[in-house]
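Commentary on secondary and tertiary structure
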Amino acid sequence: MRQLSVIALCVLIVLGICVSRIKYEVVFLRKNLNKINNEIIRVTDDLRVFGAEWSYLNDPKRLAELASKYLPQLQPIVHKQILRYDDFVQHKYANRTDAKRQAFDKLLDSLM
Amino acid sequence: MLKLISTAKLFSKGFTLWRKYPKTDPLLKVLHRRAIFAIVCICLVFIGILWRLVSVMVVPLYQRVIPIYHREKIVKKADIVDRNGELLATSITTSSCFADPSAIIDADDTIKKLTKIHGMPSAEKIRYKLKDRNKHFVWLMRHVHPTIEKQIMDMGIPGIHFQKDYKRIYIHGNLFSHIIGCTDIDCNGICGIEKHFNKELYISDFSDDKLTLSLDLRLQNIVREELKAGIKKFHAKGGNAILMKTNGEILAMVSLPDFDPNNLKKMSNEAMFNRNTLGVFEQGSIMKVINASIALDSGSSTVGSVFDASAPIKVGRFSITDFKGKGRPLTLAEAVVFSSNIACAKIAQKFGIKVQQEYFKKLGLLEKLHLEIPEIGTPLLPKNWTDISCMTIAYGYGIALSPLQVLTAITSITNGGIKINPRLVIDNSLTTKPVCVVTPQTSKLVRELMRGVVLYGTARKAGVDSIEVFGKTGTAYKRKGRKGYGNASNRDRLTTFVGGFPLDNPQYMLLVSLDSPQGDLSTYGYATAGWNVAPVAKEILSRLITWIADGSVTQNKELSVTKYLRLS
């Protein structure tokens, strides 16, 4: 009986120590997790700010102003520049000189 | 140790004696009391140790943290992006200043220090906020600039603290004001998408969810720029425009004047008003498209049916007249292309009230439209749908509808006859059974009639060379309450263009409207739709085509309805 009590007491002590160790490990891991979570939130928030800044920099109005200032030789495509392929072949392409035609054919081949 | 053993032996002996002679020996009585006292003391010590052990090992850490301040819970809101993923609205992290009045030692000194900070409320306001010393939380300043935050922190005032906060920002300012709407200082939506999806937009700190709209930032910008230019050019009070895909997805929706959702203090009621969805107006001649489609689809008339438009129709003290009428009998095709009120009224008279109501119901014109914003206007219908109502509705008077509602109805007619529901949010899970409102044949005929309007009628100035645009203009006099429509000198007009492209397989529909445009030298004094809103529509279409042209450039085919038009 006494031996059993001693063994039980030992087991109890060992289990107590184990539980205590696990408890402290969990506390430590929880602290780490909180730290990582806070870091994720911080990075996500930073990314949002960067996203907002990027979107602001790409505002169409701002881009148009910059384009007119720094790219005055370039103009937006206008609807008159869009032609049906058949119309192009019949009218524009037919009037071109041989050299220009060849150059255009070459360009078309490279695109195909 | 020996002492302890002897004491224990003594206790043991005493306990034995006490049990045998508990109440006789006074010495044992004393011993008994002392023993009880010692046992209780030892038990208390052990209970204390046990409680501490349990509290350390069993009770979780977070349960032991006692909150110091009753902080307000600030929740993050999801980003709103356009169909290409461009950011339209987002929440950024800021810092807000609050006070714990119960922890403030010297209120006067605190107020004196705080009022030196730029942007802080006045001394009286701060004093009022700090009055209740039992409070633990009161906001002092929201969304504080980092430099100001540092200044306050450096002062080290007891009871003044900062907490993380979120601020909603709208990157493109006025561009999407009426659609996205805005929020109050706590990020609660107060109008637009922000209000409709208020709960759904709240997300956790870790979530990266986004709300994707059907809008296109680039197209919205084009539409707004051109509409703004048109309003300026024709000295209009305001205007609105909608660009929609023929499946109901709204690509751009602009209502001017608008407001900057980042600056709510400067927001006026007029700017808040969304003309596209909340405003209901008598739409004028664009309703003739619906009228013609009813006549063709119900079989009451054909494109070649002739109606006498040589003389005005007299109804009581009113008469139905034409603006620049032809003064001769017109075919149904001519009635639409030359925009004859008289002929259209007669077309409606032929199919009757019942058929008109039936088709209006099918097209969803009798009830409130459904859209993902709360600002939706209810259509104003005639109290008694009489024969006169039927005739006036045929050319756009006597019924007030929102521009989006009319565009939706006309899109449902021209897209092949499939009823559409406008939407601002891309949701691929939506699979509703297609409902036919008119036959594909009627749809094709109506498109050709509208193409005729662009080629030979009032919408000639909306024609774009490189694409087959179809459309219809409408000029409606604005009703001035009980005064009617005013006289020739003070009449206000609402001019509208509705159209789409390409002709064979329409993909995009556009509605542009100007409120009270003025005639000038360039328009020879005219202020009708063909002179002002049609050129604005052309500018929009010209710029849009370069973005969304997908090989659908003009083929200039012969129209089947041309033979019913006498163009001389």
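Residues numbered from 1 in each chain as written. Chains lettered and ligands numbered in written order. Predicted model: local features only at pLDDT ≥ 70, side-chain atom pairs only at ≥ 80, totals over all residues. Heavy atoms only, no water.

Considerations on the nonpolar core
Residue and element names in this part refer to chain B. Residues Ile193 and Ile290 are the most contacted members of the largest nonpolar core, which totals 129 residues. Residue contributions to this core peak at 10 residues, all from helix H18 (residues 529-548). Excluding anything up to four places from it in sequence, isoleucine 290 contacts Phe360, Leu363, Leu365, Ala409, Ile410 and Ile413. With 18 residues, the next largest nonpolar core counts Ile104, Leu130, Leu140 and Ile160 among its residues. (Core = buried A, V, L, I, M, F, W, Y, C linked by side-chain atoms within 4.5 Å. Buried < 20%, exposed > 50% of the residue type's maximum accessible area, 1.4 Å probe, protein only. Helix = DSSP H or I, 4+ residues; strand = E, 2+ residues; numbered from the N terminus. Contact = heavy atoms within 4.5 Å.)

Concerning a nonpolar patch on the surface
Among the surface-exposed residues, B:Val45, B:Ile49, B:Leu50, B:Leu53, B:Val54 and B:Val58 lie close enough to one another that they form a single nonpolar patch of about 540 Å² accessible area. Relative to the helices and strands, B:Leu50 is located in helix H2 (residues 26-57). (Patch = residues over 30% accessible without salt bridge, like charges linked within 9 Å, V, L, I, M, F, W, Y side chains within 5 Å. Areas by Shrake-Rupley, 256 points an atom, 1.4 Å probe, with all protein chains shown as cover. Salt bridge = Lys/Arg side-chain N within 4 Å of Asp/Glu carboxyl O.)

Some thoughts on the packing of aromatic side chains
All names here are of chain B. By the definition in use, this model includes 8 aromatic pairs over all chains. Between phenylalanine 98 and tryptophan 139, the aromatic rings sit 6.5 Å apart at their centres with planes inclined by 85°, giving edge-to-face as the arrangement. Note that phenylalanine 98 is positioned in strand E3 (residues 87-99) and tryptophan 139 in strand E4 (residues 138-144), a separation of 41 residues in sequence. Take phenylalanine 98 and tryptophan 139: they sit in the same class, and that class is buried. When the centroid spacing of 5.6 Å and the interplanar angle of 80° are considered together, the rings of tyrosine 524 and tryptophan 531 count as edge-to-face. (Phe/Tyr/Trp six-rings, centres within 6.5 Å; stacked < 30°, edge-to-face > 60°.)

Topic: the sheet that holds strand E11 (residues 250-256) of chain B
Hydrogen bonds along the backbone pair up the strands of a sheet, which may run parallel or antiparallel. Residues and elements named next belong to chain B. Within the open sheet, the 5 strands sit side by side as E11-E10-E20-E19-E18. Their pairing is antiparallel. Each having just a single partner strand, E11 and strand E18 (470-477) make up the two edges of the open sheet. Each neighbouring strand pair of the sheet contributes to a mean axis angle of 10°, computed without reference to strand direction. Taken together, the 6 bridges between strand E10 (residues 238-245) and E11 define a ladder with antiparallel strand orientation. Bridge pairing in E11 places glycine 239 opposite leucine 256. Taken strand by strand, H18 contacts E10, E18, strand E19 (493-501) and strand E20 (508-515), and its axis lies near 145° from that of E20. (Pairing = 2+ DSSP bridges. Axes fitted to C-alpha atoms, helices over the stretch in contact; angles between N-to-C directions.)

Thoughts on the pairing of E3(B)
Residues and elements named next belong to chain B. Summarising burial for E3: 12 of the 13 residues are buried, a large majority. Relative to E3, strand E2 (residues 79-81) runs antiparallel, the two being bridged by 2 bridges. Its bridge partner lying in E3, isoleucine 80 is registered against alanine 89. Across 11 bridges, the pairing between E3 and strand E5 (residues 160-170) is antiparallel. Across the sheet, the residue bridging to alanine 89 is tyrosine 170, located in E5. Note: E3 against E4, 4 bridges, orientation antiparallel.

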